[in-house]
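The lines below spell out each chain.
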Amino acid sequence: MKTRNKPNKQQYAYQVIRSRILDGRYPPGHKLVIDQLARELQTSAIPVREAIRLLEADSLISFKPYSGAIVTPFDEQAYLETLSVLAVLEGFATAESSIYFPHEKLEDLRAYTRLMEDALDDLDFSLFSNYNKEFHKLTYHYCTNQFLMEQIHSTWERLGTVRKQGTTMKPSRMKRSIAEHYQLIEMLENREDPKKIETFTRNHKLNTLKAFLEDESQNNLKEMKK
């Protein structure tokens with residue numbers, strides 16, 4: 001009789017802590033108390049400590065003097081650089097995918113966009129971000145360049161290590177992003193020139209980056225006026 005392989009205690013601790021970091025339950029700067037986690041996960045401190053070391057290697061956890069292990073703080077410069085690269089990669093991949101994109105999958109793109117609208121109405125920014133990611137994964141799913149797809153995956157992984165909790169978009173940008181999604185769906189449906197689709201997708205991503213920079217600039221001005 002075969003038995004399923006269960007993750008060992010270290011793997012289990014790693015998976016739980018990692019998922020809580022990535023979904024925002026442990027926000028940037030959050031202090032991780034090993035004994036507390038061990039009690040919660042019903043294990044000893046050793047597997048938790050080993051899991052934290054692995055998460056440190058993933059750049060999700062840092063060690064701060066006199067504080068111990070904390071969730072790695074938001075790295076603005078790394079975020080900007082990574083999102084810029086992702087805009088280029090996803091633009092090209094979406095253009096390549098558009099050549100083969102099946103029309104029956106257009107309704108799935110519309111469904112993701114409607115779910116984003118619902119998430120925005122509920123002010124659930126984390127859910128909005130998740131649906132946004134799934135939308136774009138589908139737009140470039142039919143790209144046949146496997147190396148490019150691997151680069152996109154690794155870039156998304158890096159973005160996860162420098163992220164902010166939830167989404168970096170303001171509601172005003174989120175509304176415009178939804179409108180741009182419907183435009184992209186129409187372009188895919190009409191089989192428009194892949195170069196045009198590439199430019200639109202890249203600019204769509206860069207518009208989020210621009211909105212983030214504008215928001216940061218406004219926040220800095222407010223801080224200076226205090």
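Predicted model only: the values in this text are computed from it and were never measured. Throughout, residues of each chain are indexed from 1 in the direction in which the sequence is written. For a predicted model such as this one, the threshold for reporting local features is a pLDDT of at least 70, and the threshold for listing and counting side-chain atom pairs is 80 or more; totals across whole chains, interfaces and linings nevertheless cover every residue. The basis for every side-chain value is the complete set of non-hydrogen atoms in the structure, without hydrogens or water.

1. Focus: the overall build of the protein chain
Regarding its fold elements, the protein chain presents nine helices and two strands. Numbering of helices and strands runs from the N terminus; a helix is a DSSP stretch of H or I covering at least four residues, while a strand is a stretch of E covering at least two. For the protein chain, the α and β elements follow one another from N to C terminus as α-α-α-β-β-α-α-α-α-α-α. Taken over 226 residues, the protein chain has a buried fraction of 39%. Every residue pair with non-hydrogen atoms within 4.5 Å of one another is taken to be in contact. In the protein chain, 74% of the contacts between residues at least 6 apart in sequence involve partners at least 24 apart. Areas reported as accessible are Shrake-Rupley estimates using a 1.4 Å probe. Residue values count occlusion only from the protein chains shown. Counting only carbon and sulfur atoms, one obtains 51% of the accessible surface of the protein chain, whose full area is about 13200 Å². Each residue is assigned to one of three classes by its accessible area relative to the maximum for its type, calculated with a 1.4 Å probe on protein chains only: buried under 20%, partly exposed between the two thresholds, exposed over 50%.

2. Quick word on helix α7 (residues 146-162)
Multiplying 1.5 Å by the helix residue count minus one yields the expected span of that helix. The terminal C-alpha atoms of α7, which comprises 17 residues, lie 25 Å apart, in line with the 24 Å expected from a rise of 1.5 Å per residue. Those residues of α7 that fall on the buried side of the exposure criterion are L148, M149, I152, T155, W156, L159, G160, T161 and V162. Whenever a nitrogen or oxygen atom comes within 3.5 Å of another N or O atom, the pair is scored as a polar contact, on the condition that within protein one atom can donate a hydrogen and the other can accept it, and that pairs from neighbouring residues in sequence are kept only if both atoms are in side chains. Between the side-chain oxygen at the start of α7 and the backbone nitrogen of F147 there is a gap of 3.2 Å, and the oxygen is on N145.

3. Structural notes on the packing of helix α1 (residues 9-22) against helix α3 (residues 45-57)
To obtain an axis, a line is fitted to C-alpha atoms, over the contacting stretch when the element is a helix, and the angle between two such axes runs from 0 to 180 degrees between their N-to-C directions. Contact geometry of α1 with α3 gives a least axis separation of 8 Å together with a crossing angle of 55°. Relative to α3, the element α1 is oriented oblique. Relative to α3, α1 is oriented so that their crossing is right-handed. Residues K9, Q10, A13, Y14, I17 and R18 of α1 pack against P47, V48, E50, A51, I52, L54 and L55 of α3. Residues that form the contact of α1 with α3 fall into these classes: nine nonpolar, one polar and three charged. Roughly parallel means an angle under 35 degrees; roughly antiparallel, over 145; roughly perpendicular, 65 to 115; everything else is oblique. It is the rotation of the near helix from the far one that decides the hand of a crossing: anticlockwise by less than a right angle makes it left-handed, clockwise makes it right-handed. By the convention adopted, Pro, Cys, Tyr, Trp, Phe, Met, Ile, Leu, Val and Ala count as nonpolar, Lys, Arg, Asp and Glu as charged, and the other residues, Gly among them, as polar.

4. Structural notes on the side chain of T43
In this fold, T43 is placed in the loop between α2 (34-40) and α3. Excluding residues that lie within four positions of it along the chain, T43 makes contacts with K9, A38 and V48.

5. A word on the pairing of strand β2 (residues 68-71)
Any two strands between which DSSP finds at least two bridges are classified as paired. Inspection of the sheet shows strand β1 (residues 61-64) paired to β2 by four bridges, in the antiparallel sense. Bridge assignment links I61 to a residue of β2, and that residue is V71. Between the end of β1 and the start of β2, which pair antiparallel, lie three residues, with Y66 showing a positive phi angle near 70°.

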